[in-house]
Amino acid sequence: MKLVQDLPGIFEEFGEKRREAFLEVKEYKDKGVPVVGMYCAYFPTELAMAVGAIPVGLCSFSNETVTPAERELPKSMCPLVKSSYGFAIEDKCPFFHFADLVIGETTCDGKKKMYEFMSEFKDVFILELPHKQTEAALQYWKSEIIRFKEYLEKKFDVEITEEKL
């Protein structure tokens, strides 16, 4: 594998793309398009898109926001959770700032606690995930997707049809 020598230039390009993405989300918000934020790939983005919303991944990748999060979360908690929450409470993530809704999936207890705190200042929908691979768990997952669909329809006053999916 060849080492790329011009790393700062590449990093600047990534930073520029990030800025462009933030501005694009702001343009959507200015046009009245809803924004739905997510932290996890278990979130069914097709449902958000079916209501006309823009699904965005939320910031959760920097140590700079861990310290502010530790004012409310335990120091022993997962750094990813603390970083995510820190971005939210410090208002350092434009995607979070513009999100009309945050989808909180139950992949770990730390995230569950974070979503509990987060729901005090942002609309959060908790998507309960099954923790087994059984027929009953599959049925539970399907019921959660239906519950989520109904929530989105009510929140954004739109009907999700098969055509929209």
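Use the structure listed above.
Now for a quick tour of the structure. What you see is a predicted model, and the numbers here were worked out from it, not measured in a lab. Sequence order sets the numbering: in each chain, residues are counted from 1 along the sequence as written. Totals for whole chains, interfaces and linings use all residues, but because this is a predicted model, local features are given only for residues with pLDDT of at least 70 and pairs of side-chain atoms are given and counted only at 80 or more. Just so you know, side-chain values use all the structure's heavy atoms and leave hydrogens and water out.

Among the nonpolar cores identified, the biggest contains 25 residues, and Y39, F96 and M118 are the most heavily contacted of them. Under the scheme used here, helices are H or I runs from DSSP no shorter than 4 residues and strands are E runs no shorter than 2 residues, and both carry numbers assigned from the N terminus. Mapped onto this core, the elements with two or more residues apiece are α1 (7-30), α4 (79-89), α5 (94-98) and α6 (109-118). Ignoring anything within four residues of it in the chain, the contact list for F96 reads Y39, L58, A88, V102, M118, F121 and K122. Residues belong to one nonpolar core when they are buried, are Ala, Val, Leu, Ile, Met, Phe, Trp, Tyr or Cys, and are joined through side-chain atoms within 4.5 Å. Partly exposed describes any residue whose relative accessible area lies between the buried limit of under 20% and the exposed limit of over 50%, with all areas from a 1.4 Å probe on protein chains only and scaled to the type maximum. Should any heavy atoms of two residues lie within 4.5 Å, those residues are counted as being in contact.

To continue, consider the pairing of strand β4 (residues 124-127). Strand pairing follows a simple DSSP-based rule, namely that at least 2 bridges must link the two strands. Bridge count between strand β3 (residues 101-105) and β4: four bridges; the pairing is parallel. Counterpart to V102 in the pairing with β4 is V124. On the question of chirality, the crossover connecting β3 to the parallel β4 by way of α6 is right-handed. Throughout, right-handed denotes a crossover for which the path from the first strand over the helix to the second runs clockwise when the strands point away from the viewer.

This next bit is on the sheet that holds strand β1 (residues 35-38). On the basis of which strands lie adjacent, the open sheet formed by four strands has the order β2-β1-β3-β4 and parallel pairing. Unpaired on one side and paired on the other, β2 (54-57) and β4 mark the two borders of the sheet. Adjacent strand axes in the sheet meet at a mean angle of 25°, parallel and antiparallel pairs treated alike. Lines fitted to C-alpha atoms define the axes, with helix axes restricted to the stretch in contact, and inter-axis angles between N-to-C directions lie between 0 and 180 degrees. Relative to β3, α6 is tilted by about 155°, and along the sheet it contacts β3 and β4.

Disulfides are covalent bonds that link the sulfur atoms of two cysteine residues. Count a disulfide wherever a pair of cysteine sulfur atoms falls within 2.5 Å. For the coordinates displayed, the defined rule picks out one disulfide. Between the sulfur atoms of C59 and its disulfide mate C93 the distance is 2.3 Å. Every disulfide takes its handedness from the sign of the S-S torsion; for C59 and C93 that torsion is 75°, giving right-handed. Pair noted here: C59 is in the loop between β2 and α3 (66-69) and C93 is in the loop between α4 and α5, with a separation of 34 residues, a long-range link. Using a relative accessible area of 5% as the deciding quantity, one classes C59 as buried. Counting only cysteine sulfurs, C108 is the nearest neighbor of C40, a cysteine outside any disulfide, at a range of 9.3 Å. The closest cysteine sulfur to the non-disulfide-bonded C108 is located on C78, 6.2 Å from its own sulfur.

This next bit is on the packing of aromatic side chains. Think of it this way: a Phe, Tyr or Trp ring, Trp meaning its six-membered ring, pairs with another when their centres are within 6.5 Å, and the plane angle makes it stacked under 30 degrees, edge-to-face over 60, tilted otherwise. Inspection of the entire model under this criterion finds nine aromatic pairs. Cluster of aromatic residues (ring-pair linked, three or more members): F43, F125, F148 and Y151. The ring of F117 has K113 sitting right over it, with the charged end atom 5.6 Å from the ring centre. Think of it as a cone above the ring: NZ of Lys or CZ of Arg counts as a charge over the ring if it is within 6 Å of the ring centre and within 35 degrees of the ring normal. Above the plane of the ring of F96 lies K122, whose end atom (NZ or CZ) is 5.0 Å from the centre.

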